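Residue-level listing of the chains:
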Amino acid sequence: MPKHPQHRRRGKNALDADDIEWLESTPETDDGPPEGDRWSTWDQSTPTEKGPKPYPGWLVTELAAVDTEHGVLKTGKEADVHLISRGVPGTDRVCLLAAKRYRSTDHRMFHRDSGYLEGRRTRESRMNRAMANRTAFGRQVIAAQWAVAEFAALCRLWELGVPVPYPVQIVGTEILQEFIGTPDGYAAPRLAQVTEDLDDLWEQLVSAMATLAREGLAHGDLSPYNLLVHDGRLVIIDLPQIVDVIAHPAGPTFLDRDARNVATWFAAKGVLAADPDTLAAQLRKEAGISP
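Attention here is on the structure that accompanies the text. (Residues numbered from 1 in each chain as written. Predicted model: local features only at pLDDT ≥ 70, side-chain atom pairs only at ≥ 80, totals over all residues. Heavy atoms only, no water.)

Observations concerning the overall build of the chain
Logical step 1: Looking only at helices and strands, the chain features seven helices and ten strands.
Logical step 2: Counting every position in the chain, which comprises 291 residues, the buried fraction comes to 51%.
Logical step 3: Approximately 14,000 Å² of the chain is accessible, and the part contributed by carbon and sulfur atoms is 51%. (Helix = DSSP H or I, 4+ residues; strand = E, 2+ residues; numbered from the N terminus. Buried < 20%, exposed > 50% of the residue type's maximum accessible area, 1.4 Å probe, protein only. Areas by Shrake-Rupley, 256 points an atom, 1.4 Å probe, with all protein chains shown as cover.)

Laid out in structure tokens, this is it:
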């Protein structure tokens, strides 16, 4: 697909004025998307594969919209996250999205994936065998499971008021979600990079984790590296491994580990209220789990 001649990928994933002007002024054609990478995939998702209603006002849902790639925001073992702008040519209707794309045949998985996959067996014995043996087909099934699990978690948590990116839609093993960052494409920093207002951020995190625990859930892999800070607001990301702490045989362990990971980091940064044992006990109480 031909690119806009002045379009260039920047290491920091920023958009400049030329990018925005081009998105707003490029005319439609009958042969394909006007200089973009693809037509919007909005109509490729069923209602249950789209985010909770009402859809946010910033979200571009017009079928005439075009998706344009602006580079990679993050790479990981199981997925890569790309920056996309979705805009309607000839209008000022443009939004930025983060596209998380799970790998399939070359999927390397999480380093603890067997623990997270506990309880995610399917009714198809062939699929279960393929997943257990990590065949090419099995890896495709696992990749799809991770994508579906994360999208479902995002939808559920968004409706609960937990600070997560708005889940726009899922198409196969690609999750499109709200981009957390500046309008010109700079991603919000991870908590691990932040040094100010830590006491307030700690309170926000404890509140969010308590909401999860009351729903019988734990993030499962929480750390300062999958928490973003944008305009003083903490946002939780990377949720494919979310754990049902009641049903999962190791649920309490995941809950305790999340508490230990984040509380230890905050305590090391001088937040006096941060104590791993106290937070773990609070979360267990919220979840109805005995000490």
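Some words on unusual backbone geometry
Of all residues except glycine, most have a negative phi; of all peptide bonds, most are trans.
Logical step 1: The step from Lys 53 to Pro 54 runs through a cis peptide bond, and the omega angle for that step is 0 degrees.
Logical step 2: Position of Pro 54 relative to the elements: it lies in the loop between β1 (38-39) and β2 (66-75).
Logical step 3: In this model, Asp 231 sits at a positive phi of 55 degrees, which is unusual for a non-glycine residue.
Logical step 4: With respect to the helices and strands, Asp 231 occurs in the loop between β8 (227-230) and β9 (233-236).
Logical step 5: Asp 231 gets classed as exposed once you look at its relative accessible area, which sits at 72%.
Logical step 6: Positive phi, close to 60 degrees, is recorded for Asp 238, a residue that is not glycine.
Logical step 7: For Asp 238, the position within the fold is in the loop between β9 and β10 (243-244).
Logical step 8: Given the relative accessible area of 16%, Asp 238 is considered buried.

Some points on the pairing of β8
A regular strand carries its side chains on alternate faces of the sheet.
Logical step 1: Looking at chain direction, β8 and β9 are connected through four bridges and run antiparallel. Bridge pairing in β9 places Val 229 opposite Leu 234. (Pairing = 2+ DSSP bridges.)

Observations concerning the side chain of Arg 86
Logical step 1: Along the chain, Arg 86 turns up in strand β3 (residues 79-87).
Logical step 2: What makes Arg 86 buried here is its relative accessible area of 0%.
Logical step 3: Of note is the side chain of Arg 86, whose polar atom sits 2.7 Å from the side chain of Asp 67.
Logical step 4: A distance of 2.9 Å separates a polar atom in the side chain of Arg 86 from a polar atom in the side chain of Gln 169. (Polar contact = N/O pair within 3.5 Å; in protein donor to acceptor, adjacent residues only side chain to side chain.)

Notes on the layout of surface pockets
Logical step 1: Here the largest pocket defines a volume of roughly 360 Å³.
Logical step 2: In terms of lining residues, the largest pocket is bounded by 19 residues, among which Leu 73, Lys 74, Ala 187, Leu 228 and Ile 237 are the most central.
Logical step 3: Sorting the residues of the lining of the largest pocket by element identifies β2, β4 (94-102) and β6 (174-178) as the ones contributing at least two each.
Logical step 4: Residues of the lining of the largest pocket, tallied by class, amount to eleven nonpolar, two polar and six charged. (1 Å grid on protein atoms, 1.4 Å probe; cavity = no way out; pocket = protein on both sides within 12 Å on 5 of 7 lines; lining within 4 Å. Points joined across faces, edges and corners; volume = space filled by probe spheres on them. Nonpolar A, V, L, I, M, F, W, Y, C, P; charged D, E, K, R; others polar.)

A closer look at the packing of helix α5 (residues 198-214) against helix α6 (residues 251-268)
Logical step 1: Where α5 contacts α6, the axes come no closer than 11 Å and their chain directions differ by 170 degrees. Comparing the axis directions of α5 and α6 gives the class roughly antiparallel. On α6, the residues touching Leu 198, Leu 201, Trp 202, Leu 205 and Met 209 of α5 are Asp 258, Ala 259, Val 262, Ala 263, Trp 265 and Phe 266.
Logical step 2: Of the residues in the contact of α5 with α6, the class split is ten nonpolar, no polar and one charged. (Axes fitted to C-alpha atoms, helices over the stretch in contact; angles between N-to-C directions. Parallel < 35°, antiparallel > 145°, perpendicular 65-115°, else oblique. Contact = heavy atoms within 4.5 Å.)

Quick notes on the pairing of β3
Logical step 1: Most of β3 sits inside the fold, with nine of its nine residues counted as buried.
Logical step 2: What you see with β3 is no split at all: Ala 79, Val 81, Leu 83, Ser 85 and Gly 87 on one side and Asp 80, His 82, Ile 84 and Arg 86 on the other are buried throughout.
Logical step 3: Looking at chain direction, β2 and β3 are connected through seven bridges and run antiparallel. Looking across to β3, one finds that Val 72 is bridged to His 82.
Logical step 4: Count of turn residues in the β2/β3 antiparallel hairpin: three residues.
Logical step 5: Looking at chain direction, β3 and β4 are connected through nine bridges and run antiparallel. The residue of β4 that forms the bridge with Ile 84 is Leu 97.

Here's the deal with the pattern of salt bridges
Oppositely charged side chains are able to pair whenever their charged atoms sit close together.
Logical step 1: One pass over the structure, following the stated rule, counts 13 salt bridges.
Logical step 2: Notably, a salt bridge pairs Glu 174 with Arg 38, separated by 3.1 Å at the nearest N-O pair. One end of the pair, Glu 174, is in strand β6; the other, Arg 38, is in strand β1, and 136 residues separate them in sequence.
Logical step 3: For Glu 174, a relative accessible area of 9% gives the class buried.
Logical step 4: Among the residues examined, Arg 38 registers a relative accessible area of 22% and is labelled partly exposed. (Salt bridge = Lys/Arg side-chain N within 4 Å of Asp/Glu carboxyl O.)

Overview of the sheet that holds β1
Logical step 1: Spatially, the six strands line up as an open sheet ordered β1-β2-β3-β4-β6-β5, and their pairing is antiparallel. Two strands lie at the open edges of the sheet, namely β1 and β5 (167-171), each paired on one side alone.

So, the nonpolar core
Logical step 1: Counting 47 residues, the largest nonpolar core has Leu 191, Phe 266 and Leu 279 as the members making the most contacts within it.
Logical step 2: Counting residues per element, the ones that place at least two in this core are α4 (136-160), α5, β7 (217-218), β8, β9, α6 and α7 (276-287).
Logical step 3: Ranked by residue count, the leading element in this core is α5, at nine residues.
Logical step 4: Apart from the residues lying within four places of it in its own chain, the contact partners of Leu 279 are Trp 202, Val 206, Met 209, Ala 259, Val 262 and Ala 263.
Logical step 5: Within the second largest apolar cluster, twelve residues are counted, among which are Trp 42, Leu 59, Val 168 and Leu 176. (Core = buried A, V, L, I, M, F, W, Y, C linked by side-chain atoms within 4.5 Å.)

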